[in-house]
Amino acid sequence: MTATAILVSGAASGIGRATCVLAVRDGHHVHAVDLDPDGLCETVELIGAAGGQATAHRVDVTAADQVQTLFATIGDGPRLAGVFTAAGIDRGGPADELDPTTFRQVLEINTTGTFLIVQQALRAMKATGGSVVLCCSPAAQVGFAAGGATAYGASKGAIASMTRTIAVDYARYGIRVNAVLPGPTETPLMWANVTSAQSAALRGQIAGEVPLGRLARPDEIAECVLWLLSDRSSFTTGSLVGCDGGVLAKSSISA
Ligand SMILES: NC(=O)c1ccc[n+]([C@@H]2O[C@H](COP(=O)([O-])OP(=O)(O)OC[C@H]3O[C@@H](n4cnc5c(N)ncnc54)[C@H](O)[C@@H]3O)[C@@H](O)[C@H]2O)c1
């Protein structure tokens, strides 16, 4: 059995899945956490094909009892060295049209779901130290030109704030807490609010607006997450780390 484990929420797809698969390189046992059982199976198969070991956990990150049981279950296994909270959704619309139920749902999954996982991670790591990485977004810091990101931006703004405050509180326990801010990345979430016909046109438009001229692959974000999870980032805590192709560095004013 491997000596250390990492836990990734949102592991059935996209950035979470890519992080699980690349984590094999660092020799961790992977606890893959998600709501989607089929996606989890695929992730575990990919980890196995990469030569790693994984356990799938079907958990709704918004359910405090399920998250508590999850951490009790993994407590007997290899030491938990790192946690990445990637479970999230993007639903929206301009503020004056936004259904309050949608607003609450986005905050419940993205923010409360992140908090519940992080809270248990802190309890598990308090005696041993560790690294926690939260999944934030450029939407925490700027308004997207495409508009309609009120709920998503609010949920990620809270994550940015949580990252800083928790990092300060838990540094004394040897727990580092950072957030990654992925730019537009080729995952299902990216196209959740558009039809497939619209996504083809939008992909080109978005690529043209990213300074590096393209969307990210999920594994490019995973590399940044794994650096933050590892001791290679041993003096980094409380940081919001952009992995965004230059999006946050750019102003759209061109004249
Ligand atoms: N794709 C992008 O362009 C982008 C950019 C910035 C930030 N992000 C963030 O990256 C993270 C991962 O997103 P992604 O792009 O890989 O999306 P994705 O849709 O591919 O993956 C999200 C995963 O979260 C899971 N999930 C949703 N609600 C859940 C719940 N209640 N409990 C457990 N699991 C749940 C889904 O089943 C899915 O597997 C999200 O937090 C997202 O906000 C993505």
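Relevant structure appears above.
Calculation rules
- Residues numbered from 1 in each chain as written.
- Predicted model: local features only at pLDDT ≥ 70, side-chain atom pairs only at ≥ 80, totals over all residues.
- Heavy atoms only, no water.
- Helix = DSSP H or I, 4+ residues; strand = E, 2+ residues; numbered from the N terminus.
- Polar contact = N/O pair within 3.5 Å; in protein donor to acceptor, adjacent residues only side chain to side chain.
- Contact = heavy atoms within 4.5 Å.
- Pairing = 2+ DSSP bridges.
- Axes fitted to C-alpha atoms, helices over the stretch in contact; angles between N-to-C directions.
- Parallel < 35°, antiparallel > 145°, perpendicular 65-115°, else oblique.
- Left-handed = near helix turned anticlockwise from the far one by under 90°.
- Nonpolar A, V, L, I, M, F, W, Y, C, P; charged D, E, K, R; others polar.

Here we take up the side chain of T4. Tracing the backbone through its elements, the reader meets T4 in strand 1 (residues 4-9). A distance of 2.8 Å separates the side chain of T4 from the side chain of H28, its partner in a polar contact. Beyond its immediate stretch of four places on either side in the chain, T4 contacts G27, H28, H29, P78, R79 and A81.

The parallel open sheet is built from 7 strands, whose spatial order is 3-2-1-4-5-6-7. Since the sheet does not close on itself, it has two edges, and those belong to strand 3 (54-58) and strand 7 (240-243), each with one partner. Between one strand and the next, the sheet's axes are offset by a mean angle of 20°, whatever the strand orientation. By the bridge criterion, 5 bridges tie strand 2 (residues 29-34) to strand 3 in an arrangement that is parallel. Across the sheet, residue A32 finds its bridge partner in strand 3, namely A56. Strand contacts of helix 2 (residues 37-49): strand 2 and strand 3, with the helix running at about 175° to strand 3, the strand carrying the most contacts. Packing against the sheet, helix 4 (residues 100-125) makes contact with strand 1, strand 4 (79-85), strand 5 (130-135) and strand 6 (175-182), and its axis sits at approximately 165° to strand 4.

Next up on the list: the packing of helix 1 (residues 14-23) against helix 7 (residues 218-229). Where helix 1 contacts helix 7, the axes come no closer than 8 Å and their chain directions differ by 60°. With respect to helix 7, the axis of helix 1 lies oblique. In this structure, helix 1 meets helix 7 at a crossing whose hand is right-handed. Of the residues in helix 7, those in contact with G14, I15, A18, T19, L22 and A23 of helix 1 are P218, D219, I221, A222, E223, V225 and L226. Looking at the contact of helix 1 with helix 7, its residues break down into 9 nonpolar, 2 polar and 2 charged.

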